[in-house]
Amino acid sequence: MILDRLAVDAPKTFVEFGFHPIEFNCLRLARNAEWRGLLIDGSARQVADARALLPKHIEVVERFLNLNNLDFIKKAFPRLGILSIDVDGNDYWFLKELIEIQPAVICVEYNSSFGLDPITVPYDPTFDRHEKHARGWYHGASLTALAKLCSAHGYGLAAVSEAGGNAFFTRDGRLDPHTAWKPNAFRESYSGVAHEQQWKAIGQLPFESV
């Protein structure tokens, strides 16, 4: 697993928001008694299931996040091993606000439908991707946008998940996002639409170049 490899020498703490109780990036670490974690989601059902299924050393918080209520994340741990972001919306803006806590490893979902231009959706505190676009393809940021933000804070791209979608950044990451980029294989498979055509469906919507 990518996180196991990248976080081998990191502090054994993580914060992850946007998760499924039985499938999330830090799940293997959450089951390890040496790790402490904070999981956050806006769904009461997701949170209740996670509290029932996960060990008690993992804190699970129900909260719909916006840029005005992130302070509790900044204060969660004295030193943070992993910050994992997958909210299908304001991912770029949350990372921009939280990168100051200097996690050892950053895992963040990128939107391959956006291609390789450094763009993100504009910030919206009530962002819901299914309200923004019927197929839910309009959310988050491109890989190059996230890499540019991370580079400005001393991080480089260390890995991209095999199926596309998640990018991993560390202090010693050296990958070029233009060559490491992969299309989201799951999105292409379930929709039957190639990423180039996905872009044609959403390219007229508002974007911010970063």
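Residues numbered from 1 in each chain as written. Predicted model: local features only at pLDDT ≥ 70, side-chain atom pairs only at ≥ 80, totals over all residues. Heavy atoms only, no water.

### Considering the environment of S191
Then, number 1: Its place among the elements puts S191 in helix 9 (residues 185-191).
Then, number 2: Note on S191: relative accessible area 13%, which makes it buried.
Then, number 3: Linking S191 and R135, residues 56 residues apart in sequence, is a C-alpha distance of 8.9 Å.
Then, number 4: The residues contacting S191, other than those within four sequence positions of it, are R135, W137 and Q198.
Then, number 5: Among the polar contacts made by the side chain of S191, one reaches the main-chain carbonyl oxygen of R187 at a distance of 2.6 Å. (Helix = DSSP H or I, 4+ residues; strand = E, 2+ residues; numbered from the N terminus. Buried < 20%, exposed > 50% of the residue type's maximum accessible area, 1.4 Å probe, protein only. Contact = heavy atoms within 4.5 Å. Polar contact = N/O pair within 3.5 Å; in protein donor to acceptor, adjacent residues only side chain to side chain.)

### Focus: the pattern of salt bridges
Then, number 1: This structure, assessed with the given rule, holds five salt bridges.
Then, number 2: The partner of K74 in a salt bridge is E97, and the shortest N-O contact between them spans 2.7 Å. A residue pair is termed long-range when its members are at least 10 positions apart, and K74 in helix 4 (residues 71-74) and E97 in helix 5 (residues 91-98) qualify at 23 residues.
Then, number 3: Given a relative accessible area of 29%, E97 falls into the partly exposed group.
Then, number 4: Between R129 and D88 there is a salt bridge, with the nearest N and O atoms lying 3.4 Å from each other. A residue pair is termed long-range when its members are at least 10 positions apart, and R129 in helix 6 (residues 129-132) and D88 in the loop between strand 4 (82-85) and helix 5 qualify at 41 residues. (Salt bridge = Lys/Arg side-chain N within 4 Å of Asp/Glu carboxyl O.)

### Regarding the side chain of S84
Then, number 1: Considering the arrangement of structural elements, one finds S84 in strand 4.
Then, number 2: S84 sits in the buried class, given a relative accessible area of 0%.
Then, number 3: Of note is the side chain of S84, whose polar atom sits 3.0 Å from the side chain of N25.
Then, number 4: In this structure S84 touches V15, E16, F17, N25, C26 and C107, once residues within four positions along its chain are discounted.

### Notes on the pairing of strand 7 (residues 156-160)
Then, number 1: With five of its five residues buried, strand 7 lies for the most part within the structure.
Then, number 2: Where strand 7 and strand 8 (residues 166-170) come together, four bridges link them in antiparallel fashion. By the bridge assignment, G156 is partnered in strand 8 with T170.
Then, number 3: Turn length for the strand 7-strand 8 hairpin, with the two strands adjacent in sequence and antiparallel, is five residues, and the turn residue G164 shows positive phi of about 75°. (Pairing = 2+ DSSP bridges.)

### Some remarks on the side chain of T120
Then, number 1: Inspection of the secondary structure puts T120 in strand 6 (residues 119-120).
Then, number 2: Among the residues examined, T120 registers a relative accessible area of 0% and is labelled buried.
Then, number 3: Ignoring any residue separated from it by four or fewer positions in sequence, one finds T120 in contact with Y92, W93, G140, A141, F207, E208 and V210.

### Structural notes on the nonpolar core
Then, number 1: Counting 34 residues, the largest nonpolar core has F17, L95 and F169 as its most contacted members.
Then, number 2: Counting residues per element, the ones that place at least two in this core are strand 1 (13-17), strand 2 (36-41), strand 4, helix 5, strand 5 (105-109), helix 7 (143-152), strand 7 and strand 8.
Then, number 3: With six residues, helix 7 is the largest single contributor of residues to this core. (Core = buried A, V, L, I, M, F, W, Y, C linked by side-chain atoms within 4.5 Å.)

### A few points about the pairing of strand 8
Then, number 1: Buried residues dominate strand 8, accounting for five of its five residues.
Then, number 2: Neither face of strand 8 is open: one carries N166, F168 and T170, the other A167 and F169, and all of them are buried.
Then, number 3: Alignment of strand 5 against strand 8, held across four bridges, turns out to be antiparallel. Each bridged residue has a counterpart across the sheet, and for E109 the counterpart in strand 8 is N166.

### Concerning the environment of T13
Then, number 1: By the element assignment, T13 lies in strand 1.
Then, number 2: For T13, a relative accessible area of 11% translates into the label buried.
Then, number 3: T13 sits 71 residues away from S84 along the chain, and the two C-alpha atoms are 11 Å apart.

### Quick look at the sheet that holds strand 5
Then, number 1: Strand order in the open sheet made by the seven strands is 3-2-1-4-5-8-7, with mixed pairing throughout. On the outer flanks of this sheet lie strand 3 (58-62) and strand 7, each paired with one strand and no other. Going across the sheet, the axis of each strand differs from the next one's by a mean of 15°, ignoring polarity.
Then, number 2: Note: strand 1 against strand 4, four bridges, orientation parallel. By the bridge assignment for strand 4, V15 is matched with L83. (Axes fitted to C-alpha atoms, helices over the stretch in contact; angles between N-to-C directions.)

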